[in-house]
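Single-letter residue listing:
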Amino acid sequence: MRKKIIAGNWKMNKTPKQAVEFVNELKEKIAGADADIVVCPTFVCLPAVVEAVKGSNIKVGAQNIHWADNGAFTGEISGEMLKEVGVDYVIIGHSERRQYFGETDETVNNRLKAALKYELSPIVCVGELLSEREVGITNQVLETQTVGALKDIPAEDVKELVIAYEPVWAIGTGKTASSDDANDACKFIRSVVEKLYNKEVAEAVRIQYGGSVKPSNAKELFTTSDIDGGLVGGASLKADDFTGIVKYNG
Ligand code: PGA
C-alpha cells in the first residue's frame, strides 16, 4: 500500500512571520493525520518554517532547486543550501515554472538529479494544457514530460519519487478534473514508469493529483486506485481547508 502524501504549495504567498503563525496553527489541527504532510513555502520562509514544525508530523519542501552546486546563477538556490536549512522535499517543474520561467523537460531532469544528489525528496510535476487536452494529446504530453524528467534516473530513486499530475487548466481555476479523468491520467503515468522501468517501480512511485483540490473533492480524488494524495495550491493557504484535505477520510 502506498502511503498518501499531501503537499501544500504556497507559491509566492506568506511572509516568514505569517508562515510561522500558519504552521503553528496547522500543526495542532493535523496532528495524528494518516498521511505524509508537506508544506512548501518560499525560500525566505524555509529556515523559520523548518524550526516551527520541529516535533510535528509536517515536513518542509522548497518550490525549486538549481542543478549546480554553486556558482554564478543569480537568483537561484542550490541543493546544498536547502539541505543545510533542513528541507526534506522539493517541487520540480511546476507548470507555473514551465509557463512563466522557461522550464523545460531537460531543466526538470537536471533539477531532479540535483535533488537526488542532495537526498531531497522530489515532487516532479507534469500536466497538459487545456488546448492539448482538447485536441486529444493529453497522454502524449504526459509521456513526453515523464520520460524527459526521468532520463538517466536509476530505478531505486524512481521508487522513492513523487510525481504530481497537474492538468494546467485545473490549477487555480476552481475547475477540478473529474476523479475518473484524474485517476486515468495517474494510471497512464504509472504505465509510462512501468514501460521505462518495471512493475515494481511503477507500483512504488507515488502519484499525486493537483488542480483545485479542496476539502469537498479530496475524498473522491484520493480514494481512487492510482491517486496517492494531492499537491494543493490555494486551499493549502487556509489552515481549515488544508486540514479538511489532509483528513479527507473524516
Ligand atoms: P491550486 O494549485 O490547488 O490552487 O489549483 C495547485 C498547484 O498549482 O499545485
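Residues numbered from 1 in each chain as written. Predicted model: local features only at pLDDT ≥ 70, side-chain atom pairs only at ≥ 80, totals over all residues. Heavy atoms only, no water.

Section: the sheet that holds strand E8 (residues 229–232)
Stage number 1. Taken together, eight strands build a closed barrel; the order of strands is E1-E2-E3-E4-E5-E6-E7-E8 and the barrel is parallel. Here the average twist between neighbouring strands, direction ignored, is 25°.
Stage number 2. In the sheet, strand E5 (residues 121–126) pairs with strand E6 (residues 162–165) via four bridges, with the strands oriented parallel. Pairing of cysteine 125 across the sheet is with alanine 164, part of E6. (Pairing = 2+ DSSP bridges. Helix = DSSP H or I, 4+ residues; strand = E, 2+ residues; numbered from the N terminus. Axes fitted to C-alpha atoms, helices over the stretch in contact; angles between N-to-C directions.)

As for the site of the ligand
Stage number 1. Lining the immediate environment of the ligand, one finds 13 residues, of which Lys11, His94, Glu166, Gly172 and Ser212 sit closest.
Stage number 2. Interatomic distance of 2.7 Å between a side-chain N/O atom of lysine 11 and an oxygen atom of the ligand.
Stage number 3. At 2.7 Å from an oxygen atom of the ligand is found a side-chain nitrogen or oxygen belonging to histidine 94.
Stage number 4. Considered class by class, the residues forming the shell around the ligand number four nonpolar, seven polar and two charged. (Near = heavy atom within 4 Å. Polar contact = N/O pair within 3.5 Å; in protein donor to acceptor, adjacent residues only side chain to side chain. Nonpolar A, V, L, I, M, F, W, Y, C, P; charged D, E, K, R; others polar.)

Some points on helix H11 (residues 215–222)
Stage number 1. Taken as a whole, H11 has its buried residues at Asn217, Ala218, Leu221 and Phe222. Across the axial projection of H11, the buried residues extend over an arc of 120°, all falling on one side. Away from its buried face, by an angle of more than 90 degrees, H11 presents the exposed residues Ser216 and Glu220.
Stage number 2. Contact partners of the buried residues in H11: strand E1 (5–9), helix H9 (179–196), strand E7 (206–210), E8 and helix H12 (239–246). (Buried < 20%, exposed > 50% of the residue type's maximum accessible area, 1.4 Å probe, protein only. Arc of directions from axis to C-beta. Contact = heavy atoms within 4.5 Å.)

As for the side chain of glutamate 128
Stage number 1. Relative to the helices and strands, glutamate 128 is located in the loop between E5 and helix H6 (130–134).
Stage number 2. Within polar-contact distance, the side chain of glutamate 128 engages the side chain of arginine 133 at 2.7 Å.
Stage number 3. Within the structure, glutamate 128 has its side chain in polar contact with the side chain of tyrosine 165 (distance 3.0 Å).
Stage number 4. If we skip the residues at most four places from it in the chain, glutamate 128 touches Arg133, Thr138, Val141, Leu142, Tyr165, Glu166, Pro167, Val168 and Trp169.

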